[in-house]
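# Structure assessment
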Amino acid sequence: MKQQREGLLLVVSGPAGVGKGTVDQALMSRNSKIKMSVSATTRAPRPGEIEGVHYFFKSEEEFKAMVDNGEFLEYMHVFGSNYYGTPRFFVEEQLAMGHDVILEIDVQGAMKVKQAFPNAVLIFITAPSMSEIKSRLIGRGTESMEQIERRFATAFEEVKMIPHYDYVIVNDVVDMAVHRMESILEAERCRVSRSKDLLESIQDTGR
Ligand code: 5GP
């Protein structure tokens, strides 16, 4: 019997450069019912980033108007000057349709989501060590040395938040990291607390 369930809200955080995006994309490509929320941001697009795919790129005025209209599930002012926020509508719509939704957001945003949605599953993706995080940031080649240093300092603060997450995944080999993520999802889907419809139908059978 197929289990019926509500969509899972998955919050994925981790230092810049650890490959969160790669793991999330691989996961989605294997499961059509997993959707990725696209955040809005005031930061400039990096080379290759596409409007509406990687982010909705906004001016500060546009972003603040969205805040005033209550359009964000959560939003955050990160790295000194840029705003990032999760548009509420898409997430609520997809969850209601029974789809799982991934939010790839920072640690502060993750804590806010956990407060608003206690059933959300918080997953922290990291590299095996801080030195590996630094070399991945440099290897990415998309930022200045100053930006890299700033992101590395942020990474130090972020890993201190791991105890507040439900799961931690070391992204050493991408396929393994994706497999770990799938295992977490499978287990979460089987939680008794998420299987109300299933429990009712089991009890109905044979009457
Ligand atoms: P990047 O500039 O490298 O794309 O993202 C910088 C940080 O902002 C990352 O930690 C990313 O997860 C986080 N971020 C992206 N979108 C959101 C969002 O909607 N809300 C919050 N709180 N953080 C976000």
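See the structure printed just above.
Residues numbered from 1 in each chain as written. Predicted model: local features only at pLDDT ≥ 70, side-chain atom pairs only at ≥ 80, totals over all residues. Heavy atoms only, no water.

Helix and strand content of the protein: eight helices and nine strands. Its C-alpha radius of gyration of 18 Å places the protein within 12% of the 17 Å reference for a compact globule of 207 residues. In terms of overall dimensions, the protein has a C-alpha envelope of 70 × 40 × 30 Å along the principal axes. For the protein, buried positions account for 43% of its 207 residues. Excluding contacts between residues fewer than 6 apart, the proportion of contacts in the protein whose partners are at least 24 apart in sequence is 65%. (Helix = DSSP H or I, 4+ residues; strand = E, 2+ residues; numbered from the N terminus. Rg over C-alpha atoms; globule rule 2.2 N^0.38 Å. Buried < 20%, exposed > 50% of the residue type's maximum accessible area, 1.4 Å probe, protein only. Contact = heavy atoms within 4.5 Å.)

Turning to the packing of aromatic side chains, a few remarks are in order. Tallied over the entire structure, the rule returns eight aromatic pairs. Among the aromatic residues, those joined into a cluster by ring pairs are F63, F72, Y75 and Y83. Stacked on the ring of Y75, the Lys or Arg K112 has its end atom at 5.5 Å from the ring centre. (Phe/Tyr/Trp six-rings, centres within 6.5 Å; stacked < 30°, edge-to-face > 60°. Lys NZ or Arg CZ within 6 Å of the ring centre and 35° of its normal.)

With that settled, the discussion passes to the layout of surface pockets. Estimates place the volume of the largest pocket at around 1200 Å³. Lining the largest pocket are 41 residues, and of these K20, R43, R46, Y55 and E104 lie nearest its centre. With five residues, the single largest contributor to the lining of the largest pocket is helix α1 (residues 20-30). Of the residues in the lining of the largest pocket, the class split is 15 nonpolar, 15 polar and 11 charged. (1 Å grid on protein atoms, 1.4 Å probe; cavity = no way out; pocket = protein on both sides within 12 Å on 5 of 7 lines; lining within 4 Å. Points joined across faces, edges and corners; volume = space filled by probe spheres on them. Nonpolar A, V, L, I, M, F, W, Y, C, P; charged D, E, K, R; others polar.)

Moving on to the sheet that holds strand β7 (residues 100-104). Read from one edge to the other, the open sheet built from five strands follows the order β2-β7-β1-β8-β9, with strand pairing classed as parallel. Strands with a single pairing partner mark the edges of an open sheet, and in this sheet they are β2 (34-36) and β9 (167-170). Each strand of the sheet is rotated relative to its neighbour by a mean of 25°, with strand direction disregarded. Sheet topology places strand β1 (residues 9-13) next to β7; four bridges connect them, and they run parallel. Residue pairing across strands places L10 opposite I102, the latter belonging to β7. (Pairing = 2+ DSSP bridges. Axes fitted to C-alpha atoms, helices over the stretch in contact; angles between N-to-C directions.)

So, about the pattern of salt bridges. Throughout the structure, instances matching the rule amount to 18 salt bridges. Between R46 and E49 there is a salt bridge whose closest N-O contact spans 3.7 Å. Across the pair, exposure class does not vary: R46 and E49 are buried alike. The partner of R180 in a salt bridge is D172, and the shortest N-O contact between them spans 3.2 Å. The exposure class assigned to D172 is partly exposed, which follows from its relative accessible area of 43%. (Salt bridge = Lys/Arg side-chain N within 4 Å of Asp/Glu carboxyl O.)

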